[in-house]
Amino acid sequence: MEKTRFCKHCQQQFVQRRSNHLYCSSSCRTKASYKRNDYKYISGHYEKSEHSDTKNLPTTTNNDDLILAVQSLEKRIEELGNHNVLNANSVKEAALGTMAADAGVYAAKRLFAPKSLPATKGDIESLKEELRQIKHSLIFSRVNKLPNNF
């Protein structure tokens, strides 16, 4: 008797193969585990996220200490607000540097190889054949001890 169930992660209906199956597939089971254990998807892989919400909070019981702690936190927040993480000049300089490098590469290609095209598989095969022939001729010259002016 087939029993249908809804996947605990994606809510899609599936047929249970066993009575204890909660997920429709192994990928749903893995994704649910990542979600349950607070992993974040970051550029092609999952990383454990670290919560810093309660790390550096003061633990006090005195009202005066609490007021001082709140004031120090407000001061830290203000300092962080004044700190410029992204500067327009640095972005402009980085863009200009990238453009200059690209222009240099383009100019070098046009100057030293004006009519070059990307190599094809046939080009690579012909180069391999030429190298094989040179290798065989070197081996032949060593075996037969040909004169140097040959």
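Residues numbered from 1 in each chain as written. Predicted model: local features only at pLDDT ≥ 70, side-chain atom pairs only at ≥ 80, totals over all residues. Heavy atoms only, no water.

Once that is clear, we can look at the packing of aromatic side chains. Counted by the stated rule, this structure contains one aromatic pair. Relative to Tyr-39, the ring of Tyr-34 has its centre 5.2 Å away and its plane inclined at 45°; by these criteria the two rings are tilted. Given the relative accessible area of 25%, Tyr-34 is considered partly exposed. Judged by relative accessible area, Tyr-39 falls into the partly exposed class, the value being 31%. (Phe/Tyr/Trp six-rings, centres within 6.5 Å; stacked < 30°, edge-to-face > 60°. Buried < 20%, exposed > 50% of the residue type's maximum accessible area, 1.4 Å probe, protein only.)

This part takes up the pattern of salt bridges. Applying the stated criterion across every chain, the model contains one salt bridge. The salt bridge partner of Arg-132 is Glu-129, with a shortest N-O separation of 2.3 Å. With Arg-132 and Glu-129 both in helix H4 (residues 121-144) and three residues apart, the pair spans about one turn of that helix. The class for Arg-132 is partly exposed, based on a relative accessible area of 40%. Take Glu-129: its relative accessible area is 32%, and that puts it in the partly exposed class. (Salt bridge = Lys/Arg side-chain N within 4 Å of Asp/Glu carboxyl O. Helix = DSSP H or I, 4+ residues; strand = E, 2+ residues; numbered from the N terminus.)

The subject of this paragraph is the pairing of strand S3 (residues 39-42). Where S3 lies against strand S4 (residues 45-48), four bridges are found, and the strand directions are antiparallel. Its bridge partner being in S4, Tyr-39 is matched across the sheet by Lys-48. With antiparallel pairing between neighbouring strands as the criterion, S3 and S4 make up a hairpin whose turn holds two residues, including Ser-43 at a positive phi of roughly 40°. (Pairing = 2+ DSSP bridges.)

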